[in-house]
Amino acid sequence: MTIADLEHQLGCKPLVPYEDAPLTGAYTSDLLSDVMAHAPEDGLLITLQGHKNTVACASLAGVKAIVLAGLRDAPDDMLQAARSEGIAVFVSPLRQFDLSWKVAVLLGLAKP
Amino acid sequence: MIPIDPNASPSALLELIYRLKVKDIMTDTLTTARKDTTLRQIQTLMRENKVSGVPIVDDRRLVGMISVDDIIRALDQGYIDSTAELHMSRQLVVLEDDMPVSFGISSFEKYKFGRFPVINKARELVGIVTSRDITSGLLMEMNRSLEEMERVLNLQSVPEPAGQVKRVFVVQQFDYENAGRASTELKKILNSRGIDRALQRRAAVASYELEMNLVNHSLGGRLIFHIDDDSARIEAVDQGPGIPDIAKAMTEGFSTANDWIRSLGFGAGMGLPNTKRVSDDFDLQSTVGKGTRVKAVIHLKPAEAS
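Cut-offs and rules
- Residues numbered from 1 in each chain as written.
- Chains lettered and ligands numbered in written order.
- Predicted model: local features only at pLDDT ≥ 70, side-chain atom pairs only at ≥ 80, totals over all residues.
- Heavy atoms only, no water.
- Helix = DSSP H or I, 4+ residues; strand = E, 2+ residues; numbered from the N terminus.
- Areas by Shrake-Rupley, 256 points an atom, 1.4 Å probe, with all protein chains shown as cover.
- Contact = heavy atoms within 4.5 Å.
- Buried < 20%, exposed > 50% of the residue type's maximum accessible area, 1.4 Å probe, protein only.
- Pairing = 2+ DSSP bridges.
- Buried area = accessible area lost by both parts, 1.4 Å probe.
- Salt bridge = Lys/Arg side-chain N within 4 Å of Asp/Glu carboxyl O.
- Phe/Tyr/Trp six-rings, centres within 6.5 Å; stacked < 30°, edge-to-face > 60°.

1. Topic: the overall build of chain B
Next, step 1: A tally of helices and strands in chain B yields 12 helices and 10 strands.
Next, step 2: For chain B, the accessible surface area stands at approximately 16700 Å², while carbon and sulfur atoms represent 51% of it.

2. Focus on the overall build of chain A
Next, step 1: Check the secondary structure of chain A and you find five helices and five strands.
Next, step 2: Listing every helix and strand of chain A by position from the N terminus yields α-β-β-α-β-α-β-α-β-α.
Next, step 3: Pairs at least 24 residues apart make up 44% of the contacts formed inside chain A by residues separated by at least 6 positions.
Next, step 4: Looking at chain A as shown, the accessible area adds up to about 4900 Å², and 52% of this sits on carbon and sulfur atoms.

3. Considerations on unusual backbone geometry
Residues and elements named next belong to chain B.
Next, step 1: The linkage connecting Gly240 with the following residue, Pro241, adopts the cis geometry, with an omega of 10°.
Next, step 2: Summarising the element assignment, Pro241 is placed in the loop between β8 (231-238) and α10 (246-249).
Next, step 3: We note that Lys50 has phi near 55°; this positive angle belongs to a residue other than glycine.
Next, step 4: For Lys50, a relative accessible area of 76% gives the class exposed.

4. Observations concerning the sheet that holds strand β5 (residues 125-130) of chain B
Next, step 1: The mixed open sheet is built from three strands, whose spatial order is β3-β4-β5 (chain B). Sheet topology places β3 (95-96) and β5 of chain B at the edges, where each strand pairs with a single neighbour.

5. Brief notes about the interface of chain B and chain A
Next, step 1: On the side of chain A, 25 residues touch chain B, which itself brings 23 residues to the contact.
Next, step 2: Interface area, chain B with chain A, both sides summed: about 1900 Å², of which 47% is carbon and sulfur.
Next, step 3: Taken as a group, Arg197(B), Arg201(B) and Tyr208(B) account for 32% of the area that chain B buries against chain A, more than any other trio of residues on that side.
Next, step 4: Linking chain B with chain A are four salt bridges.
Next, step 5: Those elements giving two or more residues to the side of chain B that touches chain A turn out to be α8 (181-192), α9 (197-217), α11 (259-263) and α12 (271-278) of chain B.
Next, step 6: Ranked by the residues each element gives to the side of chain B that touches chain A, the list is headed by α9(B), at six residues.

6. Overview of the packing of aromatic side chains
Residue and element names in this part refer to chain B.
Next, step 1: The final tally for this structure, using the stated rule, is nine aromatic pairs over all chains.
Next, step 2: Aromatic pair Phe113 and Phe116: ring centres 5.9 Å apart, planes at 75°, arrangement edge-to-face.
Next, step 3: Its relative accessible area of 37% is what places Phe113 among the partly exposed residues.
Next, step 4: A relative accessible area of 0% places Phe116 in the buried class.
Next, step 5: Taken together, the ring pairs in this structure connect Phe108, Tyr111, Phe113 and Phe116 into an aromatic cluster.

In structure tokens form, the structure reads like this:
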């Protein structure tokens, strides 16, 4: 699975320009300490936390892309931070569980 | 009027008011009038140029001064159409452009004028000084000095002992705007040293948790990194409030964070346990009312990496 699959396979809307890259795994959490501890390097983060600190945390954890589930808003300063850190940010109308399952299918971890 | 006591102020400020010259802080775009200018014209000049005193010049020589008080008196007593020559103050206190600013400050204390004309060696009018000019001049100069100090400090920190890096970051309480900046810097340093990604991650976790603890819980503090070939040592030192029950604070899930800290995704009670888990050495000392000092060390030598 790559970052572009989020847009083309799962209908996530990109909020910043991104460079496509493989995603090694994914993690779903709204607790940033939990993300720091367990999100996979070069992976995807599915979260409801639409703010600048999510980007800082993602950058430190080596997360490549963030999807804000349930159409959560992304403030401008979050997107600006994402651009400068080179982290892709998407928004999806899907809820966290449904989106996580679809991502798991693309990662080959679950059956459709 | 000017709240600076030339006898009892910090030496850096005293040095500044002696070093700065009147010409450094004066306004040199002048609104002037001549002896035959009417007071009504001068009133217009004052309004249009937003000044409260107009020097009267004969060529470039200063001959008098009309202040807003003179205009009010003229309006009151009905001679607003008469000329400046008849009503200007002739007993003038002037400053010289080469005098130190300290001299200007004492003049404001001594004479209750709102402004002083400034003349040069040739006795020509070259500027005007108000107490506002002195305040803003000092502020600008202090700003410039501080920038210079910061630049010099940065330069000094560049040539570090081979293989050793020390960085200090000031972290403010509730500063979510800059939160994570110090830890990002640590990760960049480790990355530039070719440290294994898993080790970088562990150092980033420890640093980020300690940084967020400073932001979420402390009254402000510092995050200090010591990096050499063997280890990355991360220290978080704060000025309070201190941790009443350290055992509880080290328990996963225990947090004193309020609702709005939690709404940002912090305060899960995982910070200190996470930090300890990723560290090879971990130490926490805290005194209620004084502050907390946390030390986390990550070994960077491959043999010691776990």
